[in-house]
Amino acid sequence: MKLTERLLAARERLVERITAKTIEDSNTYAQAYKYITNLHILDEIDESTDALSLLSCNTTLKLNAVLSKWQSRSECVVQCSNIMEPILLVRRELLRASAEAGTVNRRDVDNALTQLLIQSCRLARQSGHLQIAWTFLVEAKALGVNLKDVGMEEARFEFQKASFVHWHETGGKSNAESPDVLVKKTSRESRAAFAEVQLLRAEYMLKSGAVAANDLYQIYLSLQKFDVPSEDLHYRVAVFCDGMYSIDTEKIGEAQK
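Model, not experiment: these values are computed from the prediction.

What counts and how
- Residues numbered from 1 in each chain as written.
- Predicted model: local features only at pLDDT ≥ 70, side-chain atom pairs only at ≥ 80, totals over all residues.
- Heavy atoms only, no water.
- Helix = DSSP H or I, 4+ residues; strand = E, 2+ residues; numbered from the N terminus.
- Buried < 20%, exposed > 50% of the residue type's maximum accessible area, 1.4 Å probe, protein only.
- Contact = heavy atoms within 4.5 Å.
- Salt bridge = Lys/Arg side-chain N within 4 Å of Asp/Glu carboxyl O.
- Core = buried A, V, L, I, M, F, W, Y, C linked by side-chain atoms within 4.5 Å.
- Expected span 1.5 Å × (residues − 1).
- Bend = angle between axes of the 7 residues up to and from the residue.

Chemist: Requested: an account of the overall build of the protein chain, with residues and values cited.
Modeler: Check the secondary structure of the protein chain and you find 11 helices and zero strands. Counting from the amino terminus, helix and strand elements in the protein chain follow one another as α-α-α-α-α-α-α-α-α-α-α. Residues counted as buried form 34% of the 257 residues belonging to the protein chain. When contacts within the protein chain are restricted to residue pairs at least 6 apart in sequence, those whose partners lie at least 24 apart make up 62%.

Chemist: Can you break down the pattern of salt bridges residue by residue, with the values?
Modeler: Per the counting criterion, the structure on display carries 12 salt bridges. Note that Arg-91 is salt-bridged to Glu-44, the shortest N-O span being 2.7 Å. Placement of the pair is Arg-91 in helix H4 (residues 81-101) and Glu-44 in helix H2 (residues 28-51), with a sequence separation of 47 residues. As far as the burial class goes, Arg-91 and Glu-44 line up, both buried. In this structure, Arg-156 and Glu-153 form a salt bridge, with 3.5 Å as the shortest nitrogen-oxygen distance. Taken as a pair, Arg-156 and Glu-153 lie in helix H7 (residues 147-169) at a separation of three residues, close to a single helical turn. Owing to a relative accessible area of 1%, Glu-153 belongs among the buried residues under this scheme.

Chemist: So, the side chain of Thr-37: which residues are in play, and what are the values?
Modeler: Along the chain, Thr-37 falls in helix H2. Leave out the neighbours within four places in its chain, and Thr-37 touches Ile-83 and Ile-87.

Chemist: Lay out the nonpolar core with the relevant residues and their values.
Modeler: Within the largest apolar cluster, 21 residues are counted, with the highest numbers of intra-cluster contacts made by Leu-52, Trp-70, Val-77, Met-84, Leu-95 and Val-109. Secondary-structure elements contributing two or more residues to this core are H2, helix H3 (63-74), H4 and helix H5 (106-126). The element contributing the most residues to this core is H4, with seven residues. Setting aside anything within four residues of it in sequence, one finds Leu-95 in contact with Leu-63, Leu-67, Trp-70, Val-109, Ala-112, Leu-113 and Leu-116. Grouped together as the second largest cluster of nonpolar side chains are 11 residues, Leu-117, Cys-121, Leu-130 and Leu-137 included.

Chemist: Could you give an account of H2, with specific residues and numbers?
Modeler: Counted at 1.5 Å a residue, the expected span for H2 with its 24 residues is 34 Å, and the 33 Å between its end C-alpha atoms agrees. Of all the bends in H2, the greatest, near 45°, is centred on Lys-34. For H2, the set of buried residues is Ala-30, Gln-31, Ala-32, Tyr-33, Tyr-35, Thr-37, His-40, Ile-41, Leu-42, Glu-44, Ser-48 and Thr-49. One or two positions beyond H2, positive phi appears at Ser-53, with a value near 55°.

Printed below as a string of structure tokens:
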């Protein structure tokens, strides 16, 4: 009963915050997305108490049905590590709890955990967080199942890591196949269109909290290399830098108190 009451209280708090965002800003969806994601997580916790028999001894448990539903939901969520990882983390803990309760076969749980860890690894890798991706990969390898899938993800990780190390060792200098050269070969109209789309994407990610400040800075930095005469780009970079400067100033002020 306590769990049900806590879930209800958490839902009410999130709904209040979403309502507040609706009043504050016209761009409601982007602002409230992280709260919607938290509601998503609460719903899965609530469902799992019965679906995974965490609080009962349900003999008709169907793990595949639960995993299939999770997968369908994942496809509707923004595929970004900052958004997806909290969801994946809760799912892994729910699976571990079901295994500890003895309601699900341990090997079936390990198989499902491996797939979730591979997904976390892929998202972290695609975001450029190689150290975080490596921790997920090590955990997946330790389970000792789905070795083919784990091996394929490890190969992708090693390839991306090698590419990053090579770029770092060469000082990021351009060569015949570098992105800088390819950008110069692209028409100005195409570059302008691409830059505009990336600006909109960066703005959405910023408002939804789906990206860290360092990652957002890298997006703006890469767009400046496109040689696009965009006042909007320079303005957004200036606003972003001003915001980061204000945050740093506040932190320094608090530290000195």
